[in-house]
Amino acid sequence: MRQSSARAVLVLVVLGVLFSVCSAPILAQEQELGIVRLITVKGNSYIDTETIKASILKTRINEPAVEQKIIDDIRAIYDLGFFEDVQATVDPALGGVEVVFHVVENPIVRDITFSGVPGVAFKDYARDMKTQPGYILNAHDMWEDLEGLWEWVLEEYGYLIRVSALSADTDGHVHIELAQTTLKDIVIQGNEKTKDFVIERELTFDAGEPVNINQIDASLRKILMLGYFDEISREFSQEENPDETVLTINLKERKTGAATFGVGYSTNEGLVGFVQVADDNLLGRGQKIKASASLGQKLTSYELGFYEPYITKSGISLGVNLYRKLNPVKTIDPDTEEETESRRTTIGGDLTLGRPITEFTRGRLTLKVENSTYEHLKGPEAGVPEDSKNRTVGFGLNTNTLDHPFFPTEGYNNDVYLELGTTLLGGSSAYAKLRLEHSRFFEVRDGGYVLALRGLGGRLLGGTLQDNDKFRIGGADTLRGYSYGDPALNLVGDNMLVMNAEFRFPIVEKVQGVVFTDWGTAWSQGESLRLQNLKNSFGVGVRLDTPLGLLRLDYGLGKDAENNRSGQFYFGIGQAF
């Protein structure tokens, strides 16, 4: 007998096949019921009869009717996905039997609703579903829609979800009930030096909250960008409750404290020995401290700096630097072209307060006090710059979307800094100058083959800059192959422009090679930027990721005053940009 159902519940679709089989006549296995003279389909209103008959492959006209073959064809019809129930009867017919397949169609979809996950615009996903209002419900399309649903929610919102209930009534109202996975606990492991609170304060989520993969990965990026870890990974556990999971954050620490020393030479500063003691993760508390000294024939400097990233829970940071520098200064009279050499002694310090503005952007306020005095060494005394007192307030904005603190392969870093000099508190001059920097990284080939580009510009907006406040380029960080601030080559002025390009590639583990070219110039207020004044250099370098930190060694070929190529070696810590 054909049995009808007054309801359609999709979660019982699979059971329908078994029900249909059990409802078939009880016959001996492979018992022949007669020769099939007619195959009929009944009960379908929306699905074409020929479509249904096309799935009936084993029961054939003029062949014996066999129970197992009829059962197989019932399953085949059911597998079309359009039916709530499929059964078959075998009725006498002239010279044989008629096999009648009775179907109960799924309802026409009227609407699709979702619940269980707030804040998700399910209507955006519903527009692209195979299951659509106005069409008969198809179980296969629905299962495919559900498989795509959790992927869509994960990609668009970062949530881990599962379908907890699914129903469709006879009026065609389809309802999908979803359940979110919540964090049962957060486990941090692998940090031997770094305190747990240093890591936890970078997390924007907590136990008991719904799992958001996007939020978790953004927090792990913040932890990586601290520079304390070589590797960071995450894993989720399977709990007895399917709607709960434990997040484990696996860390591999890198050495953050180091003492370095060495010797360098440049034509402008002569032979220089230096020593530096620094720790970017002091006592595992996330604080930075740095003390350095450089002693040479023409240059002597002492610096001490401290940085606390969290003086408040909101992420307000504090940085303090104190320094005393003695370095040579060359000035050239523009009329007589006579060169004067003097020694500048600078004593000062600065205090910087920073705070997060967005996920990738921080603002900062810097107060600086600096006194500079000059001692005549050689040449006309008239060329010795005047002693100055610098009192400035600076406003900065930094946006950093890089994917790694030391070896970025994608993203960009923008920095804008406006410095205002004031005559308050004994300042020598009032001025406003702007410094802009943009660097961007492209992975041109998998495995760490990266094109790195940077543009750096500075401009005096108003007022007058004292000698110590002017923009200077050259040296290891801007224009390699040229001495820092060489006035004879237009490397000091009220304005500047620098462009750098590096191709970075792996050599062996922990060693990166670099091929670079640098372009730049500086010019005075009232003058125009002339492209023919751009100085250029090219060179090669290596980056060594050592327990002492990321060490940099570059050799740049620039040009001297006679336009001849000459090279200089540079040693530094960290990337040039």
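Residues numbered from 1 in each chain as written. Predicted model: local features only at pLDDT ≥ 70, side-chain atom pairs only at ≥ 80, totals over all residues. Heavy atoms only, no water.

### Looking at the overall build of the protein chain
Part 1 of the argument: When you go through the protein chain residue by residue, the secondary structure sums to seven helices and 28 strands.
Part 2 of the argument: Expected size for 577 residues packed as a compact globule is a radius of gyration near 25 Å; at 38 Å, the protein chain overshoots this value by more than 25%.
Part 3 of the argument: If one aligns the C-alpha atoms of the protein chain with their principal axes, the spans along those axes are about 130 × 45 × 45 Å.
Part 4 of the argument: Within the protein chain, the fraction of its 577 residues that count as buried is 44%.
Part 5 of the argument: Within the protein chain, contacts between residues at least 6 apart in sequence are counted, and of these 56% link residues at least 24 apart.
Part 6 of the argument: Element-wise, carbon and sulfur atoms account for 55% of the exposed surface of the protein chain, whose accessible area totals about 29400 Å².
Part 7 of the argument: Measuring between centres, the 58 positive side-chain charges of the protein chain sit 7 Å from its 81 negative side-chain charges. (Helix = DSSP H or I, 4+ residues; strand = E, 2+ residues; numbered from the N terminus. Rg over C-alpha atoms; globule rule 2.2 N^0.38 Å. Buried < 20%, exposed > 50% of the residue type's maximum accessible area, 1.4 Å probe, protein only. Contact = heavy atoms within 4.5 Å. Areas by Shrake-Rupley, 256 points an atom, 1.4 Å probe, with all protein chains shown as cover. Lys, Arg positive; Asp, Glu negative; His and termini not counted. Charge placed at Lys NZ, Arg CZ, Asp CG, Glu CD.)

### A few points about the confidence of the model for the protein chain
Part 1 of the argument: The share of residues in the protein chain with pLDDT of 70 or more is 93%, and the mean pLDDT across the chain is 90.
Part 2 of the argument: Strand β19 (residues 411-421) holds the highest mean pLDDT among the elements of the protein chain, 98, whereas helix α1 (residues 13-23) holds the lowest, 33.
Part 3 of the argument: Contacts from residues 1-29, a stretch scored under 50 in pLDDT, to residues over four places away or in other chains number 54 contacts. (pLDDT = per-residue confidence, 0-100.)

### Thoughts on the nonpolar core
Part 1 of the argument: Membership of the largest hydrophobic core comes to 22 residues, with the highest contact counts inside it found for Phe114, Phe122, Leu149, Val174 and Ile176.
Part 2 of the argument: Elements that contribute at least two residues to this core include exactly β5 (111-115), α4 (122-126), α5 (139-157), β6 (161-168) and β7 (173-180).
Part 3 of the argument: Sort the elements by how many residues they give to this core and α5 lands first, with five residues. (Core = buried A, V, L, I, M, F, W, Y, C linked by side-chain atoms within 4.5 Å.)

### Let's talk about the sheet that holds β7
Part 1 of the argument: In space, the three strands of this open sheet follow the order β5-β7-β6, with mixed pairing throughout. Edge positions in the sheet fall to β5 and β6, since each of these pairs with one other strand and no more. Across this sheet, the average inter-strand angle for adjacent strands is 20°, counted without regard to direction.
Part 2 of the argument: Relative to β7, β6 runs antiparallel, the two being bridged by seven bridges. Residue pairing across strands places Ala168 opposite Val174, the latter belonging to β7.
Part 3 of the argument: The strands that α5 touches are β5, β6 and β7; relative to β6, the one it contacts most, it runs at about 145°. (Pairing = 2+ DSSP bridges. Axes fitted to C-alpha atoms, helices over the stretch in contact; angles between N-to-C directions.)

### With respect to unusual backbone geometry
Part 1 of the argument: Phi at Leu283 is positive, roughly 55°, even though this residue is not glycine.
Part 2 of the argument: With respect to the helices and strands, the residue Leu283 is situated in the loop between β12 (270-282) and β13 (287-296).
Part 3 of the argument: Among the residues examined, Leu283 registers a relative accessible area of 61% and is labelled exposed.
Part 4 of the argument: Its identity as a non-glycine residue notwithstanding, Leu425 has a phi of 60°, on the positive side.
Part 5 of the argument: Take Leu425: its relative accessible area is 75%, and that puts it in the exposed class.

### Topic: the packing of aromatic side chains
Part 1 of the argument: Counted according to the given criterion, the structure contains 11 aromatic pairs.
Part 2 of the argument: Judged by centre distance (5.4 Å) and plane angle (40°), the rings of Tyr125 and Trp152 are tilted. Of the two residues, Tyr125 sits in helix α4 while Trp152 sits in helix α5, which places them 27 residues apart along the sequence. For the pair Tyr125 and Trp152, one class covers both residues: buried.
Part 3 of the argument: Through pairs of rings, three or more aromatic residues link up here, namely Tyr125, Trp152, Tyr157 and Tyr159.
Part 4 of the argument: Over the aromatic face of Tyr449 sits the side chain of Arg445, whose NZ or CZ is 4.7 Å from the ring centroid.
Part 5 of the argument: Across from the ring centre of Phe516, 3.8 Å away, lies the NZ or CZ of Arg480, which sits over that ring. (Phe/Tyr/Trp six-rings, centres within 6.5 Å; stacked < 30°, edge-to-face > 60°. Lys NZ or Arg CZ within 6 Å of the ring centre and 35° of its normal.)

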